[in-house]
Each structure stands twice: as C-alpha cells, then as structure tokens.
Amino acid sequence: MSDAQHAVITGGAGFVGSHLVDSLLDDGFRVTSLDNFGSGCPQNLAHVDSERFDSVEHDVREPFPELGDVDYVFHFASRASPKDFASHAVEIALTNSEGAHNALAYARDHDARAIPASTSEIYGDPEVHPQTEEYNGNVNVRGPRAPYDESTRFSEALAVAFRQQYDVDIRTIRIFNTYGPRMRPDDGRVIPNFLSQALQGDDLTVYGDGTQTRSFCYIDDLVAGIRAFADADLEVAAGEVINIGNTEEIEIRELAEVVIDALDADSDVVYEDLPEDDPQVRRPDITCVKKLLDWEPSVSLKDGIERTLPHFRDDLGSDDY
Ligand SMILES: NC(=O)c1ccc[n+]([C@@H]2O[C@H](COP(=O)([O-])OP(=O)(O)OC[C@H]3O[C@@H](n4cnc5c(N)ncnc54)[C@H](O)[C@@H]3O)[C@@H](O)[C@H]2O)c1
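Residues numbered from 1 in each chain as written. Predicted model: local features only at pLDDT ≥ 70, side-chain atom pairs only at ≥ 80, totals over all residues. Heavy atoms only, no water.

## Regarding the overall build of the protein
Logical step 1: Each helix and strand in the protein was counted, giving 10 helices and 13 strands.
Logical step 2: Relative to the 2.2 N^0.38 estimate, which gives 20 Å for 321 residues, the radius of gyration of the protein is 19 Å and therefore close to what a compact globule would have.
Logical step 3: Expressed along its principal axes, the backbone C-alpha trace of the protein runs to roughly 55 × 45 × 40 Å.
Logical step 4: Evaluated residue by residue, the protein yields a buried proportion of 54% over its 321 residues.
Logical step 5: Residue pairs at least 24 apart in sequence account for 80% of intrachain contacts in the protein once pairs closer than 6 positions are excluded.
Logical step 6: Total accessible area on the protein stands at roughly 14,100 Å², and carbon and sulfur atoms take up 43% of it.
Logical step 7: In the protein, the 26 positive side-chain charges and the 63 negative ones have mean positions that sit 3 Å from each other. (Helix = DSSP H or I, 4+ residues; strand = E, 2+ residues; numbered from the N terminus. Rg over C-alpha atoms; globule rule 2.2 N^0.38 Å. Buried < 20%, exposed > 50% of the residue type's maximum accessible area, 1.4 Å probe, protein only. Contact = heavy atoms within 4.5 Å. Areas by Shrake-Rupley, 256 points an atom, 1.4 Å probe, with all protein chains shown as cover. Lys, Arg positive; Asp, Glu negative; His and termini not counted. Charge placed at Lys NZ, Arg CZ, Asp CG, Glu CD.)

Structural data, given as structure tokens:
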C-alpha cells in the first residue's frame, strides 16, 4: 500500500466526480470511486491508467465497504439532472439523505475530512439576487424539484449535525450550474441539450420565454475551487459552506444564440412551456470563496463551450448514443 493520501469519491464515474478523480490522481492521491453507474458510466473513467485508482460499483444508500485508511471523503453521488427528478425521485431523495449519512459516518469513523456537494437548487426560486450563503432560499417542498432540492437541504442539516455532535471536519460546496466534457448529451441540462440539438441540426428548445437567467461555470474552474477548499487549513474551512460558480449571468435565450454562433449552426430557437418551479434567476455571490480561498473562475462561457464541443461531437458520433 502506498503512503499517498487516500480520497474516497462517491459519484466518481459522473461528470463532476470523474474530473475530481483526474485532479486528485494528478496530485499523487490514491483515489477510490464508489458509484452505482446510474447516471455516470465506466467510460468516464476509461482513460485512467493508475495503480493508485480503484473503481468500486457501490450504491451509497448502503453502508460503505471497508477501504482501509481514508483521509478525504468527497460526496458527489446524486443524479443532478431535472430530467431525472420525477423518474428517479425516491432514489435521489435517499441518495442525498441515507447516502449523505453513510458518507458523513464514514468520514467520522475514519477520522477523515468530508467534502459534500450541495447545490444552488437549495435556494429554490430565489427572492434574493445574487444568492449569498446567508440566504435561506425559497424551495417549494411540495413541488416537482423537492426530492432533489429538499433532500440536499437535509444533507446540509446532517452535516451540521455531524459537526455539532462529532466535530467532523466538513466543508460543504454549493455548486452552481457547471458544464464541460463528459456531460451526457442526453443529460437533460440546458448546455448538453443545446449542444446536442445544434450538433444534430435540430432546433434549440427554450422553456418559457427564455428570459430566465443562469450562470455557467466551466468544470476546470469548479474542480480548482473544490480542491482549494478541500486542501485549506482546518481553521479556514472546517464547518464552512461556500458557493462555487461563475458570476457571468446570461438569459437562456441568449445562451441559445451563443451555442448557435459557436457551432455556426442553422438551428432556430423554439419555445415550450416553462416547467413548474423553474427558477427565474440564478447567480452566485462568490465574495465568501474569493476571500476564503483566493479562488475565482477564469474560463469565459465562450471558451468553455468551445472546450466542451469536441466531447459532444465525439459522443454523438459514437454508437453509445
Ligand atoms: N453539474 C452541476 O451543474 C451541479 C450543480 C449543482 C450540484 N451538483 C452536484 O454535484 C454532484 C455531481 O453531479 P454531476 O453533475 O456530476 O452529476 P452526474 O449525474 O454526472 O454524476 C452523479 C454520479 O453519482 C452516481 N450516483 C447517483 N446516485 C448514486 C447512488 N445512490 N450510489 C452511488 N452512486 C450514485 C451516478 O452514477 C453518477 O456517476 C451531485 O451531488 C450534484 O447534486 C452538480
């Protein structure tokens, strides 16, 4: 067994998790991914060629297997696409509650640092803009997004509980919309939707009138922020909750034009009904993370789309889709 620090990542075969695996391996960590391959896939890790890496098929709703000494537990397992919120509602709710419990208990039992992923969805359809960490949000507990939003809120409360009762070093990251290579073309989130539609010569579907806004963070920026937070000194980061995202806010109808321009596509934009509880605005206040970690995003939306495109071209050309 090597002396390298050991990081366990739940959801390591997913979009964010697989990039985190790469970053940790690059920095000499031993890494174990626990994933049930529900929305992620082994293909996302097929490029990894390291003796320091292990991929274990495991559902985090079940207690974790024994993996020896563990220094970090990154909890990034959860379907995150609104497309899955109805069809996999119970699985999502339990992954963010029982799964979070298993991850936090594992960190406690191994005296490890826990870094759970939370989401900007915990702000619901926000009445405060941009969203600061102090804002308590406006989630509809009876709405169609509740299984994801409310269970993630619960996972944050569970983190508070583990810190209060067991003094576990927990650092929670509220991730705002992030995109990049390895998102599935049929993932259902807006950038994969637009890129897939434009590449296939279809019209781009905008829900509502397209004036709703989002702020999109490129995956490399997110991973740099996660790593800086995870590696920060105990007195700086333990028990903290931070927003990570890009502050470049854009209307969804403008985003459609950015994608059409980037591909020089012939597609038009078509409008369909806005789903219930779709947030009208979404932009992180990142004052806290800038001060705490000296981190800020550096990849513009235009550059990020260009970096993401080859992946979608390859995937849509492959037999897997
Ligand atoms: N990408 C974003 O924009 C974004 C925004 C906010 C929060 N997040 C959070 O980041 C994390 C990762 O999201 P992502 O975008 O990479 O999604 P993803 O669907 O690509 O990855 C999630 C991974 O978790 C795995 N998984 C799901 N349920 C599981 C279970 N019960 N047991 C084991 N594995 C399970 C999936 O198979 C997949 O590999 C999630 O917690 C999500 O809520 C992501």
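Now, onward.
## A few points about the site of the ligand
Logical step 1: The environment of the ligand is made up of 30 residues, and the closest members are Val 16, Asp 35, Ser 39, Tyr 148 and Thr 178.
Logical step 2: In this structure, Asp 35 approaches the ligand through a side-chain N or O atom, which is 2.5 Å from an oxygen atom.
Logical step 3: Calculation on the ligand without its partners gives an accessible area of 820 Å², and the protein chains cover 97% of this total.
Logical step 4: In terms of residues, the shell around the ligand owes the most to one element, strand 5 (residues 113-119), which gives 3 residues.
Logical step 5: Looking at the shell around the ligand residue by residue, the classes come out as 11 nonpolar, 13 polar and 6 charged. (Near = heavy atom within 4 Å. Polar contact = N/O pair within 3.5 Å; in protein donor to acceptor, adjacent residues only side chain to side chain. Nonpolar A, V, L, I, M, F, W, Y, C, P; charged D, E, K, R; others polar.)

## A closer look at the packing of aromatic side chains
Logical step 1: Using the criterion set out here, one finds 10 aromatic pairs in the structure.
Logical step 2: Between Tyr 179 and Phe 216, the aromatic rings sit 6.5 Å apart at their centres with planes inclined by 80 degrees, giving edge-to-face as the arrangement. On the criterion of sequence distance, the pair formed by Tyr 179 in strand 7 (residues 178-179) and Phe 216 in the loop between strand 9 (213-215) and strand 10 (217-218) is long-range, its members being 37 residues apart.
Logical step 3: The class for Phe 216 is buried, based on a relative accessible area of 5%.
Logical step 4: An aromatic cluster is present here, built from Phe 29, Tyr 72, Phe 74 and Phe 76 joined pairwise through their rings.
Logical step 5: If you follow Arg 108 out to its NZ or CZ, it ends over the ring of Tyr 166, 4.5 Å from the centre. (Phe/Tyr/Trp six-rings, centres within 6.5 Å; stacked < 30°, edge-to-face > 60°. Lys NZ or Arg CZ within 6 Å of the ring centre and 35° of its normal.)

## Points about the domain arrangement of the protein
Reports often express the size of an interface as the amount of accessible area lost when the parts come together.
Logical step 1: Domain boundaries assigned for the protein yield domain 1 (6-178 + 217-244) and domain 2 (180-215 + 248-281 + 299-314).
Logical step 2: Spacing between the C-alpha centres of domain 1 and domain 2 amounts to 25 Å.
Logical step 3: Taken together, the contact pairs 27 residues of domain 1 with 22 residues of domain 2.
Logical step 4: Of all residues in domain 1, the largest losses of buried area upon contact with domain 2 belong to Phe 15, Arg 145 and Tyr 218, amounting jointly to 26% of the total for that side.
Logical step 5: Between the two partners, domain 1 and domain 2, sit 3 salt bridges.
Logical step 6: Taken together, the links from domain 1 to domain 2 amount to 11 residue pairs in polar contact (both at pLDDT 80 or more).
Logical step 7: If you list the elements that add at least two residues to the side of domain 1 that touches domain 2, you get helix 1 (15-26), strand 10 and helix 6 (219-231). (Domains from an automatic or database assignment. Buried area = accessible area lost by both parts, 1.4 Å probe. Salt bridge = Lys/Arg side-chain N within 4 Å of Asp/Glu carboxyl O.)

## With respect to helix 1
Logical step 1: Across its 12 residues, helix 1 extends 17 Å between first and last C-alpha, which sits within 8% of the 16 Å expected from 1.5 Å per residue.
Logical step 2: The element helix 1 is extensively covered by neighbouring structure, given that 11 of its 12 residues are classed as buried.
Logical step 3: Among all positions in helix 1, only Phe 15, Val 16, Gly 17, Ser 18, His 19, Leu 20, Val 21, Asp 22, Ser 23, Leu 24 and Leu 25 are buried.
Logical step 4: Lining the buried residues of helix 1 we find strand 1 (6-10), strand 2 (30-35), strand 3 (53-57), strand 4 (72-75), strand 7 and helix 6. (Expected span 1.5 Å × (residues − 1).)

## A look at the environment of Glu 235
Logical step 1: Relative to the elements of secondary structure, Glu 235 occurs in helix 7 (residues 234-237).
Logical step 2: Glu 235 sits in the exposed class, given a relative accessible area of 68%.

## A few points about the pattern of salt bridges
Logical step 1: Inspection of every chain in the model, using the stated rule, returns 22 salt bridges.
Logical step 2: Residues Asp 84 and Arg 79 are paired through a salt bridge, measuring 3.1 Å at the closest nitrogen-oxygen approach.
Logical step 3: Under the relative-accessibility criterion, Asp 84 is labelled buried at 7%.
Logical step 4: Owing to a relative accessible area of 12%, Arg 79 belongs among the buried residues under this scheme.
Logical step 5: Overlapping salt bridges bring together Glu 121, Arg 145, Arg 214, Asp 278 and Arg 282 as one network.

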